[in-house]
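Below are the chains, spelled out letter by letter.
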Amino acid sequence: MNFKYKLNIQERIEEIRERLKRQAEYKTIYVDKKTKSIALGKNERVDIVFSPAFYWVQDVKLPVKYEFQAKSLLPSLFDGILNKGNYSYKAYKKVSDFGKSDNWLVYAYDDTIISKKLDNLKINDSTIHSIYFAQSELDSVNAAIKIDENSALVKHENILITMPLSLTSETKDINEIFKLNKRSIQTININRYTNLPISEKSINVIAVTLIAFIGLFLTEYMINKNSLKELYTQRAKIAQTYKLPKTSFELNSMKKGLKKIASSQEELRAKTEFILNAPLEKGEYLLSLELKNSKFNVEVNLAEPKRAEEIKKYWQKEVSIKSMKVKDNTLSAKITI
Amino acid sequence: MNKINPLYIIALLLFLLLLLVYKNSSMQTKLQTVEINNKNSLKEAKEIASLKRAFKSENRNKTALNSILNHPQLKKYNSQKEVSNSRMSITLENIDKKAFDTLSSKIFNSTLKIDSFMFERVSENNITVKAEVLL
């Protein structure tokens, strides 16, 4: 057994396991153009299989390996076959008994038609587990498949088509087949929002523009955030460099204390200068000055006692004189700031 | 199946964009505030640092006072220094007028914390000075 074949078997096992799991969870419902309603239980989720009336399918050989490569070829494959409309395309590589083959099942479908049908059947998106096309889910059945009292699905050149039941001989019931066969992985995505006021192209343009702006603003936000972080670091550095206290309360009290010292010292100097600059005449001089606790004791030798009044007047401009006496041409004054 | 309405996605993107615009604008305001605060803090810190240097540095005050006493005009006088817990006092006796002018101008023009200052004319040309500064 070579390695590739081993891998294929493992893939198939995984696929089957997945199918079994899903089969156990969800009921499968076949939807035809004639389907009027579907009975669903509360909170029940279902797999929906659409009849060939809802899609165009071709079994073709494509020189490509991957689905995305195949997808680009699909519009040209259906060119001239489809009516006017907006179609979605899907391609699945066919799986034969010996693994994957070069043949592809390619689909074209109108989202609006399928979406409208789901709306008519009052099936919410939340109710739907997965959507399939009959071709993928019933491809392995070779007999005619009875879908209702009048119609059956039969294979014609590997493609399932609907025929009157009367034209078929032996049939198998579709629900029985769904119960026995598990769902494939060939799910279909339906764009349920085809009737929006703006086109898909415009939505894409708006979305891209918004994403671009979001990117720009996000970048700006991140840059600003970093700048803010730097500013906080800068602030911490200032406090560290200048040995500032941590709280603003402590900082204010420190500043207040220092400013108080500064202003009182400035005042002290200014007042001392003022007192010493008393307008003395020739022969007059300061005998002594004592400054302590913002109080001054000054002694001045005067030319004559009446000069005391002039000096007093000068000092009174800026300082207050607590007491003053003149004895033997000596003026003694007690001054406060 | 495409279960989300593209318009919801557009609305979500728009909401995200508006949120980011709002966040950015708040961040800008915050940045400006912090920047201004930092500038003020720096200014304040410099001011406090200079005040601290002037009035809160014991060593600096001692050095400043010693450097005054080491001035050429004062050096020749025998100064008495006394250092107690938080203050330092100096006494210079019988100094001439020039030396007195130098000493008083140096003390009063410095940032020393003057606690007390006293001078007495002892003779026509001689003055005794006593100054006490806080450390």
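Residues numbered from 1 in each chain as written. Chains lettered and ligands numbered in written order. Predicted model: local features only at pLDDT ≥ 70, side-chain atom pairs only at ≥ 80, totals over all residues.

J.: What exactly am I supposed to notice about the overall build of chain A here?
T.: Helix and strand counts for chain A stand at eight helices and 14 strands. Looking at chain A residue by residue over its 337 residues, the buried ones come to 19%. Intrachain contacts of chain A at a sequence separation of at least 6 include 58% that bridge at least 24 residues. (Helix = DSSP H or I, 4+ residues; strand = E, 2+ residues; numbered from the N terminus. Buried ≥ 20, exposed ≤ 12 C-beta atoms within 10 Å, placed from the backbone. Contact = placed C-beta atoms within 7 Å.)

J.: How should I be thinking about the overall build of chain B in this particular structure?
T.: The number of helices and strands found in chain B is four helices and four strands. Looking at chain B as a whole, 16% of its 135 residues are labelled buried. For chain B, restricting intrachain contacts to residue pairs at least 6 apart in sequence, the fraction spanning at least 24 positions comes to 59%.

J.: It is not clear to me how the environment of Asn86 of chain A should be interpreted in this structure. Could you clarify?
T.: Note on placement: Asn86 of chain A falls in the loop between helix H2 (67-77) and strand S4 (87-96). Along the sequence, Asn86 of chain A and Ala108 of chain A sit 22 residues apart, while their C-alpha atoms lie 9.8 Å from each other.

J.: When you look at helix H3 (residues 111-120) of chain A in this model, what are you seeing that I'm missing?
T.: The α-helix advances 3.6 residues per turn, and as a result positions three or four apart in sequence lie on the same side. Residues and elements named next belong to chain A. Turning to H3, its buried residues are Asp111, Ile114 and Leu118. In a view along the axis of H3, the buried residues occupy a sector of 75°, so they form one face of it. More than 90 degrees from the buried face of H3, the exposed residues found are Asp119 and Asn120. At the C-terminal side of H3, Lys122 shows a positive phi close to 55°. (Arc of directions from axis to C-beta.)

J.: Help me out: how do you make sense of the interface of chain B and chain A in this one?
T.: How large an interface is tends to be reported as the accessible area lost when its parts come together. Contacts between the two partners involve 41 residues from chain B and, on the opposite side, 48 residues from chain A. Secondary-structure elements contributing two or more residues to the side of chain B that touches chain A are helix H1 (6-55) and strand S3 (113-121) of chain B. By residue number, the principal contributor to the side of chain B that touches chain A is H1 of chain B, which donates 28 residues. Direction of pairing for strand S11 (residues 285-292) of chain A relative to S3 of chain B: antiparallel, over a ladder of five bridges. Counterpart to Leu291 of chain A in the pairing with S3 of chain B is Phe117 of chain B. (Pairing = 2+ DSSP bridges.)

J.: Hey, could you run me through the nonpolar core in this one?
T.: Here is a general trend for soluble globular proteins: nonpolar side chains tend to be buried in one another's company. Formed by 33 residues in total, the largest nonpolar core has its most connected members in Phe50, Val106 and Phe133 of chain A. Sorting elements by how many residues they give to this core places strand S5 (residues 99-110) of chain A first, with five residues. Of all hydrophobic cores here, the second largest spans 29 residues; its members include Leu65, Ile95, Phe100 and Val129 of chain B. (Core = buried A, V, L, I, M, F, W, Y, C linked by C-beta atoms within 7 Å.)

J.: What is the right way to read the environment of Leu286 of chain A from this model?
T.: Among the structural elements, Leu286 of chain A can be located in strand S11. When the C-alpha atoms of Leu286 of chain A and Val300 of chain A are compared, they prove to be 4.4 Å apart, with 14 residues separating the residues in sequence. Leave out the neighbours within four places in its chain, and Leu286 of chain A touches Leu276 and Val300 of chain A together with Arg121 of chain B.

J.: What should I look at first to understand the sheet that holds strand S12 (residues 295-301) of chain A in this one?
T.: What links the strands of a sheet is backbone hydrogen bonding, and the strands pair in either a parallel or an antiparallel sense. Here we have eight strands laid out as an open sheet, ordered S13(A)-S14(A)-S12(A)-S11(A)-S3(B)-S4(B)-S2(B)-S1(B), and antiparallel in their pairing. In this open sheet, the two strands that pair with only one neighbour each are strand S13 (320-327) of chain A together with strand S1 (79-83) of chain B. Neighbour-to-neighbour, the strand axes of this sheet turn through a mean angle of 15°, independent of strand direction. Strands S1, strand S2 (87-95) and strand S4 (127-134) of chain B of the sheet are contacted by helix H2 (residues 58-69) of chain B, whose axis makes an angle of about 10° with S2 of chain B. (Axes fitted to C-alpha atoms, helices over the stretch in contact; angles between N-to-C directions.)

J.: Looking at this structure, how should I read unusual backbone geometry?
T.: Excluding glycine, most residues fall at negative phi; most peptide bonds, likewise, are trans. All names here are of chain A. A positive phi angle, near 55°, is found at Lys122, a position not held by glycine. Within the secondary structure layout, Lys122 lies in the loop between H3 and strand S6 (128-133). The exposure class assigned to Lys122 is exposed, which follows from the 10 C-beta atoms found within 10 Å. The phi torsion at Glu157 lies on the positive side, around 50°, for a residue other than glycine. Given 6 C-beta atoms within 10 Å, Glu157 falls into the exposed group.

J.: Looking at this structure, I do not really get the pairing of S3 of chain B. What am I missing?
T.: Within a regular strand, the side chains alternate between the two sheet faces. Residues and elements named next belong to chain B. Here eight bridges tie S3 to S4, and the two strands are oriented antiparallel to one another. Within S4, the residue paired with Ile114 across the bridge is Val133. Between the end of S3 and the start of S4, which pair antiparallel, lie five residues.

J.: Where do I start with the packing of helix H7 (residues 248-276) of chain A against H1 of chain B in this structure?
T.: Helix packing geometry: the angle between the two helix axes and the distance between the axes. For the pair H7 of chain A and H1 of chain B, interaxial distance at closest approach is 10 Å and the crossing angle is 50°. Classified by the interaxial angle, the pair formed by H7 of chain A and H1 of chain B is oblique. Seen along the crossing, H7 of chain A lies across H1 of chain B with a hand that is left-handed. Along the contact surface, H7 of chain A presents Met254, Lys255, Leu258, Lys259, Ile261 and Ala262 of chain A, while H1 of chain B presents Glu44, Ile48, Leu51, Lys52 and Phe55 of chain B. (Parallel < 35°, antiparallel > 145°, perpendicular 65-115°, else oblique. Left-handed = near helix turned anticlockwise from the far one by under 90°.)

J.: Hey, could you run me through the packing of helix H6 (residues 200-241) of chain A against H1 of chain B in this one?
T.: Two elements in contact, H6 of chain A and H1 of chain B, have axes separated by 8 Å at closest approach and are oriented at 20°. By the criterion of interaxial angle, the relationship of H6 of chain A to H1 of chain B is roughly parallel. In terms of crossing hand, the pair formed by H6 of chain A and H1 of chain B is left-handed.

J.: Looking at this model, I keep getting lost on the pairing of strand S9 (residues 159-164) of chain A. Mind explaining?
T.: Residues and elements named next belong to chain A. In the sheet, strand S8 (residues 151-156) pairs with S9 via six bridges, with the strands oriented antiparallel. Residue pairing for S9: His156 is matched across the bridge by Ile159. Where S8 folds back onto S9 in an antiparallel hairpin, the turn is made up of two residues, including Glu157, whose phi is positive at roughly 50°.

J.: It is not clear to me how the environment of Ile128 of chain A should be interpreted in this structure. Could you clarify?
T.: Positionally, Ile128 of chain A belongs in strand S6. With 102 residues separating them along the chain, Ile128 of chain A and Tyr26 of chain A place their C-alpha atoms 9.3 Å apart.

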